[in-house]
Amino acid sequence: MLKNQVTFRRVTAGVLLIVAPLLQAVAVVVDPGTWGDDREAVSFGDNPALAQVQSALYHWSWMLMAVAVLGLVHFTRRRASVLGHVSGGLTILGYLALSALLMIDPVEWYLGQHNSPEQAQKILDEMLNLPGVIFGFQMPWMFFGILGLPVVLLAVWRAGAVHWWVPLVVGVGYVGSFAVDYGPLTVPFWVGPAVALGWVGVKVLRMGDAAWAAYYPAPVPAPVTEGAPA
């Protein structure tokens with residue numbers, strides 16, 4: 001498989017479209033902050049082990065999703081190319097930025113262990129409100145991943161590779177989660193996209209190399225120079 005570029009890219013894309021969103025769905029379930037105190041400096045202290053697990057799950061989910069998006073963009077080689085390439089590039093940047101922000105989790109745990117919840121939150125706000133953090137990591141980059149993925153899938157739908165309900169479910173799930181506080185209600189919002197993306201991943205694994213390769217553009221004939229043999 002490693003010597004066959006078509007098989008390797010297809011299988012990698014299919015597996016990551018299943019694994020990456022699944023890791024995020026599992027992370028929100030095991031996160032102590034989902035079910036406990038909404039102040040992570042407190043909830044992380046209640047269960048430090050699960051706090052570390054959820055951070056690792058989110059980290060790998062978003063890192064792997066950045067790679068999975070490359071697989072989705074493959075379907076826009078012939079149709080919806082501009083939309084697919086632009087949204088795909090921004091989505092990859094967004095997921096990488098999201099992953100970088102997870103390093104604040106152990107900081108929140110440490111602050112909660114050595115300060116009152118109010119003092120811990122005050123210190124954390126002072127750290128996160130630094131201009132370099134806001135414009136270097138948060139605004140607007142971190143939103144490109146969650147908001148960009150439904151757009152990428154819209155381009156993939158326009159290219160004829162997925163059904164219309166896939167970008168709809170992913171958009172309602174991930175974008176709709178902004179309408180609720182992070183907690184138990186977030187779980188169904190993130191499980192739905194995991195199911196939809198997992199379905200796409202299974203489809204990619206089953207489609208075969210010929211169907212995957214069919215999305216490559218047709219080769220452009222080389223121009224024939226005057227006097228050259230045909």
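Residues numbered from 1 in each chain as written. Predicted model: local features only at pLDDT ≥ 70, side-chain atom pairs only at ≥ 80, totals over all residues. Heavy atoms only, no water.

Undergrad: Hey, could you run me through the environment of I123 in this one?
TA: By the secondary structure assignment, I123 is in helix α7 (residues 117–128). Here the alpha-carbon distance between I123 and E108, two residues 15 residues apart in the chain, equals 9.5 Å. Setting aside residues up to four positions removed in sequence, I123 forms contacts with L111 and N115. (Helix = DSSP H or I, 4+ residues; strand = E, 2+ residues; numbered from the N terminus. Contact = heavy atoms within 4.5 Å.)

Undergrad: How do you make sense of the side chain of Q24 when you look at a structure like this?
TA: Here Q24 shows up in helix α1 (residues 5–30). A residue is classified by how much of its surface remains accessible, and Q24, at 4% relative accessible area, is buried. If sequence neighbours within four positions are ignored, Q24 has contacts with Y58, S61, W62, Y174 and W190. (Buried < 20%, exposed > 50% of the residue type's maximum accessible area, 1.4 Å probe, protein only.)

Undergrad: Help me understand unusual backbone geometry in this model?
TA: Generally, phi is negative for residues other than glycine and the peptide bonds are trans, each holding for most cases. With an omega of -10°, the peptide bond between M139 and P140 qualifies as cis. With respect to the helices and strands, P140 occurs in the loop between α8 (131–138) and α9 (141–158).

Undergrad: Can you help me understand the packing of α8 against α9 in this one?
TA: Helix-helix packing is characterised by the crossing angle of the two axes and by the distance between the axes. Where α8 contacts α9, the axes come no closer than 5 Å and their chain directions differ by 30°. Comparing their axes, α9 and α8 come out roughly parallel. Of α9, the residues touching α8 (which contributes F135, G136, F137 and Q138) are W141, M142 and F143. Partitioned by chemical class, the residues of the contact of α8 with α9 number five nonpolar, two polar and no charged. (Axes fitted to C-alpha atoms, helices over the stretch in contact; angles between N-to-C directions. Parallel < 35°, antiparallel > 145°, perpendicular 65-115°, else oblique. Nonpolar A, V, L, I, M, F, W, Y, C, P; charged D, E, K, R; others polar.)

Undergrad: What am I meant to see in the pattern of salt bridges here?
TA: Side chains that differ in charge, positive against negative, can pair when their charged atoms come close. Under the defined criterion, the tally for this structure stands at two salt bridges. R10 is paired through a salt bridge with D209; the nearest N and O atoms lie 2.8 Å apart. Here D209 lies in helix α11 (residues 186–213) and R10 lies in helix α1, a separation of 199 residues in the sequence. What makes D209 partly exposed here is its relative accessible area of 25%. A salt bridge links R39 to E118, with the shortest nitrogen-to-oxygen separation between them at 3.5 Å. (Salt bridge = Lys/Arg side-chain N within 4 Å of Asp/Glu carboxyl O.)

Undergrad: How do you make sense of a nonpolar patch on the surface when you look at a structure like this?
TA: A grouping of L154, W157, W164, L168 and V172 is seen on the molecular surface, where their side chains present a nonpolar patch of about 520 Å² in accessible area. Elements that contribute at least two residues to the nonpolar patch include exactly α9 and α10 (165–176). (Patch = residues over 30% accessible without salt bridge, like charges linked within 9 Å, V, L, I, M, F, W, Y side chains within 5 Å. Areas by Shrake-Rupley, 256 points an atom, 1.4 Å probe, with all protein chains shown as cover.)

Undergrad: Even after reading the chapter, I still don't get α9, so can you show me in this structure?
TA: Helical periodicity: at 3.6 residues per turn, an α-helix aligns residues three or four positions apart in one direction. Taking 1.5 Å per residue, 18 residues should reach 26 Å; α9 reaches 25 Å between its end C-alpha atoms and fits that length. Considered for burial, the residues of α9 that qualify are M142, G145, I146, G148, L149, P150, V152, L153, A155 and V156. Contacts made by the buried residues of α9 are with α4 (48–74), α5 (81–100), α8, α10 and α11. Backbone geometry just downstream of α9 places G160 in the positive-phi region, at approximately 85°. (Expected span 1.5 Å × (residues − 1).)

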